Amino acid sequence: MMSALVTYFSATGTTARVARELAGAIGADLFEIAPERPYTPADLDWNNKSSRSSREMADEGSRPAIAGRVDSMDAYDTVFVGFPIWWYVEPRIIDTFLETEAHDLAGKTVVPFATSGGSGLGRAPERMAALVPEATVLEGRLLNGRLDADELRAWAEGAM
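Read on for an overview of the structure.

Quick notes on the rules
Residues numbered from 1 in each chain as written. Predicted model: local features only at pLDDT ≥ 70, side-chain atom pairs only at ≥ 80, totals over all residues. Heavy atoms only, no water. Helix = DSSP H or I, 4+ residues; strand = E, 2+ residues; numbered from the N terminus. Rg over C-alpha atoms; globule rule 2.2 N^0.38 Å. Buried < 20%, exposed > 50% of the residue type's maximum accessible area, 1.4 Å probe, protein only. Contact = heavy atoms within 4.5 Å. Areas by Shrake-Rupley, 256 points an atom, 1.4 Å probe, with all protein chains shown as cover. Lys, Arg positive; Asp, Glu negative; His and termini not counted. Charge placed at Lys NZ, Arg CZ, Asp CG, Glu CD. Salt bridge = Lys/Arg side-chain N within 4 Å of Asp/Glu carboxyl O. Patch = residues over 30% accessible without salt bridge, like charges linked within 9 Å, V, L, I, M, F, W, Y side chains within 5 Å. Axes fitted to C-alpha atoms, helices over the stretch in contact; angles between N-to-C directions. Left-handed = near helix turned anticlockwise from the far one by under 90°. Nonpolar A, V, L, I, M, F, W, Y, C, P; charged D, E, K, R; others polar. Polar contact = N/O pair within 3.5 Å; in protein donor to acceptor, adjacent residues only side chain to side chain. Phe/Tyr/Trp six-rings, centres within 6.5 Å; stacked < 30°, edge-to-face > 60°. Lys NZ or Arg CZ within 6 Å of the ring centre and 35° of its normal.

**Quick notes on the overall build of the protein**
Thought 1: A count of helical and extended segments in the protein gives 5 helices and 8 strands.
Thought 2: Listed by position from the N terminus, the elements making up the protein come as β-α-β-β-α-β-β-α-β-α-β-β-α.
Thought 3: Relative to its length of 160 residues, the protein is compact, with a C-alpha radius of gyration of 15 Å against a globular reference of 15 Å.
Thought 4: On the principal axes, the C-alpha backbone points of the protein span a range of 45 × 35 × 25 Å.
Thought 5: Out of the 160 residues belonging to the protein, those deemed buried represent 50%.
Thought 6: In the protein, of all internal contacts separated by at least 6 residues, the share reaching a separation of at least 24 is 77%.
Thought 7: For the protein, the accessible surface area stands at approximately 7,700 Å², while carbon and sulfur atoms represent 47% of it.
Thought 8: Counting 15 positive and 24 negative side-chain charges, the protein places the centres of these two groups 6 Å from one another.

Encoded structure:
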């Protein structure tokens, strides 16, 4: 198996749980895409057009700062990128991760995975591919609910 990294942004813990399960199932390293300034419940109020998340998602150029970085991106062939679906796409902090020079994804396979309360991946894979044209961005998968390790492993190995 090629070397894999599971990265994720999780606002409420749901995507974090899935990312840990995926990393464990495939023996991959794990990296949290943590915001430099953590989100509060008020920041995540999608019903409030003035909330931080609403403002970020309304601004295509928004790139929330990330706390930390992957130290050895060169060590990985495949990078799984997990996130909750916000407004039918990936949160802007994922765009920050993809565009950060320290996270050079050229020549790598990028595999989106998401959690959602009701929508699919939407345009996220297409948008992500546009941000890292030198990488191969796969279609990805919605990983809601409880998936067993064998199911996660079979899906992930098919992407690697």
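**Observations regarding unusual backbone geometry**
Both trends apply: most residues other than glycine have a negative phi, and most peptide bonds are in trans.
Thought 1: In this model, Trp87 sits at a positive phi of 55°, which is unusual for a non-glycine residue.
Thought 2: With respect to the helices and strands, Trp87 occurs in the loop between strand 5 (78–84) and helix 3 (92–99).
Thought 3: You can call Trp87 partly exposed: its relative accessible area is 39%.
Thought 4: In this structure, Tyr88 is a non-glycine residue whose phi angle is positive, near 70°.

**Focus on the pattern of salt bridges**
Thought 1: Overall, the coordinates contain 13 salt bridges when judged by the stated rule.
Thought 2: The shortest N-O distance in the salt bridge between Arg92 and Glu60 comes to 3.5 Å. Of this pair, Arg92 sits in helix 3 while Glu60 is found in the loop between helix 2 (52–58) and strand 4 (66–67), placing the two residues 32 residues apart along the sequence.
Thought 3: For Arg92, a relative accessible area of 2% translates into the label buried.
Thought 4: With relative accessibility at 48%, the residue Glu60 sits in the partly exposed group.
Thought 5: Connected via shared salt-bridge partners are Glu60, Arg63, Glu90, Arg92, Asp95, Glu99 and Arg127.

**Notes on a negative patch on the surface**
Thought 1: Judged by side-chain charge, Asp74, Glu101, Asp104 and Glu134 come together as a negatively charged surface patch.
Thought 2: Classification of Asp74 as exposed rests on a relative accessible area of 74%.

**Re the environment of Asp71**
Thought 1: Within the secondary structure, Asp71 sits in the loop between strand 4 and strand 5.
Thought 2: For the pair Asp71 and Ala102, spaced 31 residues apart in the sequence, the C-alpha separation amounts to 8.1 Å.

**Here's the deal with the packing of helix 3 against helix 4 (residues 124–131)**
Thought 1: Orientation of helix 3 relative to helix 4, taken along the N-to-C sense of each, is 30°, at an axis distance of 10 Å. The handedness of the crossing between helix 3 and helix 4 is right-handed. Contacts from Arg92, Ile94, Asp95, Leu98 and Glu99 of helix 3 reach helix 4 at Arg127, Met128 and Leu131.
Thought 2: Split into classes, the residues belonging to the contact of helix 3 with helix 4 amount to 4 nonpolar, no polar and 4 charged.

**Here's the deal with the side chain of Arg52**
Thought 1: Tracing the chain through its elements places Arg52 in helix 2.
Thought 2: Reaching out from Arg52, the side chain makes a polar contact with the backbone oxygen of Arg37 at a distance of 2.8 Å.
Thought 3: In this structure Arg52 touches Pro35, Arg37, Pro38, Tyr39 and Asp43, once residues within four positions along its chain are discounted.

**What about the packing of aromatic side chains?**
To describe a pair of aromatic rings, you give the distance between the ring centres and the angle between the ring planes.
Thought 1: If you walk through the whole model with that rule in mind, you get 6 aromatic pairs.
Thought 2: For the ring pair Phe9 and Trp86, a centre distance of 5.6 Å and an interplane angle of 85° mean the geometry is edge-to-face. Pair noted here: Phe9 is in the loop between strand 1 (4–8) and helix 1 (14–26) and Trp86 is in the loop between strand 5 and helix 3, with a separation of 77 residues, a long-range link. In this structure, Phe9 and Trp86 share a single accessibility class: buried.
Thought 3: Given the relative accessible area of 9%, Trp86 is considered buried.
Thought 4: Of the aromatic side chains, those joined through ring pairs into one cluster are Phe9, Tyr39, Trp86 and Trp87.
Thought 5: Taking the ring centre of Tyr39 as reference, the NZ or CZ of Arg52 above it sits at 3.8 Å.

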